[in-house]
Amino acid sequence: MGKVKKGVNCSVAGCSDRAIQSISIDKVQEAAQSMGLKFDTKKSRRIYLCEKHYKEVKKYLKKTKKLEKWKHGLPFT
Ligand SMILES: [Zn+2]
């Protein structure tokens with residue numbers, strides 16, 4: 001799991017909650033587009049998600065079976 005250092009905020013634009021997970025933007029891009037989320041990533045390819053947004057993304061990926069890959073691969077790297 002991509003543990004997040006204290007003081008890092010959620011990368012979703014307009015959200016300033018504390019991030020609990022970090023994840024490669026490639027893994028969540030499609031989910032984010034479908035959900036209408038915008039990320040304030042600057043030049044990073046890694047985004048940070050707060051609990052709320054992490055749950056939303058996870059739910060979406062589960063629904064679309066994208067989570068399968070995470071179970072067998074390397075989650076949140
Ligand atoms: Zn958030």
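Residues numbered from 1 in each chain as written. Predicted model: local features only at pLDDT ≥ 70, side-chain atom pairs only at ≥ 80, totals over all residues. Heavy atoms only, no water.

(A) Seen up close, the side chain of Ser 11. Inspection of the secondary structure puts Ser 11 in the segment before strand S1 (19-24). Using a relative accessible area of 7% as the deciding quantity, one classes Ser 11 as buried. Non-local contacts of Ser 11, meaning those with residues more than four positions away in its chain, are made with Lys 38, Phe 39, Asp 40, Ile 47 and Tyr 48. (Helix = DSSP H or I, 4+ residues; strand = E, 2+ residues; numbered from the N terminus. Buried < 20%, exposed > 50% of the residue type's maximum accessible area, 1.4 Å probe, protein only. Contact = heavy atoms within 4.5 Å.)

(B) Molecular detail of the environment of Lys 59. For Lys 59, the position within the fold is in helix H2 (residues 51-63). Here Lys 59 falls in the exposed class, since its relative accessible area comes to 62%. Sequence spacing of Lys 59 and Ala 31 is 28 residues, and the spatial spacing of their C-alpha atoms is 9.5 Å.

(C) Looking closely at the confidence of the model for the protein chain. A residue-level look at the protein chain finds 81% of positions with pLDDT of 70 or above and a mean pLDDT of 81. By mean pLDDT, helix H3 (residues 67-72) is the weakest element of the protein chain at 56, and strand S2 (residues 46-50) is the strongest at 92. (pLDDT = per-residue confidence, 0-100.)

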